[in-house]
Amino acid sequence: MSKASPATLRSFNINLHGPQRSGESDPPETNAPAAGPTANTAPLSPLGGSFEQLCERLERLPRTHLELDGSFVHRGPAPPLHIDGMIYDANGQVQYVQLQGTSDHATWQELIDVLSSDKSRSPSVQLLQSGELLSLQSFERQEWKIG
């Protein structure tokens, strides 16, 4: 079986959160299944920044359409590349962003660069189907075989 290239299309349904509060790394990788519904249950921090700040950044991103309620779509340079999103905020901060779509790594990275404006904090990814919690890097390795 050959390794997938970064250009490979992947479909996903995730929440993008701030980093895990008690550590930035995933648990050690094993072949054993995770106990319980999630492999890692460390509390999550907000993604950060205000709703308004994130909306301003999204409005500057090419091929992105943003609605006033915080829903948006980011399209790749050609179909079927698209990522639908919804921003959730509370207490003046973006708590998380739900993302669903089909994307190659380049289109994904274009959007993630805007959503995670604080480069010193690596976001966490929660897989909605399983509840599994991954670092952004682990999610990208899993989906696009990056790194």
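The sections below set out a description of the structure shown in this document. (Residues numbered from 1 in each chain as written. Predicted model: local features only at pLDDT ≥ 70, side-chain atom pairs only at ≥ 80, totals over all residues. Heavy atoms only, no water.)

**A closer look at the side chain of S124**
- With respect to the helices and strands, S124 occurs in strand β6 (residues 124-127).
- Engagement of the side chain of S124 in a polar contact is seen with the backbone nitrogen of Q20, the distance being 3.2 Å.
- Excluding anything up to four places from it in sequence, S124 contacts N15, L16, H17, G18, P19, Q20, L44, L133 and L134. (Helix = DSSP H or I, 4+ residues; strand = E, 2+ residues; numbered from the N terminus. Polar contact = N/O pair within 3.5 Å; in protein donor to acceptor, adjacent residues only side chain to side chain. Contact = heavy atoms within 4.5 Å.)

**Quick word on the nonpolar core**
- Within the largest apolar cluster, 27 residues are counted, with the highest numbers of intra-cluster contacts made by L58, L99, W108 and L115.
- Elements with a contribution of two residues or more to this core: β1 (10-17), α1 (51-59), β4 (82-90), β5 (93-103), α2 (105-115), β6 and α3 (136-144).
- Of all the elements, α2 adds the most residues to this core, at five residues.
- If we skip the residues at most four places from it in the chain, L58 touches T64, L66, F72, I87, L111, V114 and L115. (Core = buried A, V, L, I, M, F, W, Y, C linked by side-chain atoms within 4.5 Å. Buried < 20%, exposed > 50% of the residue type's maximum accessible area, 1.4 Å probe, protein only.)

**Some words on the pairing of β1**
- In the sheet, β1 pairs with β5 via eight bridges, with the strands oriented antiparallel. Bridge pairing in β5 links L16 to V97.
- For β1 and β6, the ladder comprises four bridges, and the chain directions are antiparallel. Among the inter-strand pairings, H17 is bridged to a residue of β6, identified as S124. (Pairing = 2+ DSSP bridges.)

**Regarding the environment of L47**
- Looking at the secondary structure, you find L47 in the loop between β1 and α1.
- Given a relative accessible area of 11%, L47 falls into the buried group.
- In this structure, the C-alpha to C-alpha distance between L47 and Q93, residues 46 residues apart in sequence, is 7.6 Å.
- Here L47 is in contact with L16, H17, G18, V94, Q95, V97, L115, R121 and P123, once residues within four sequence places are set aside.

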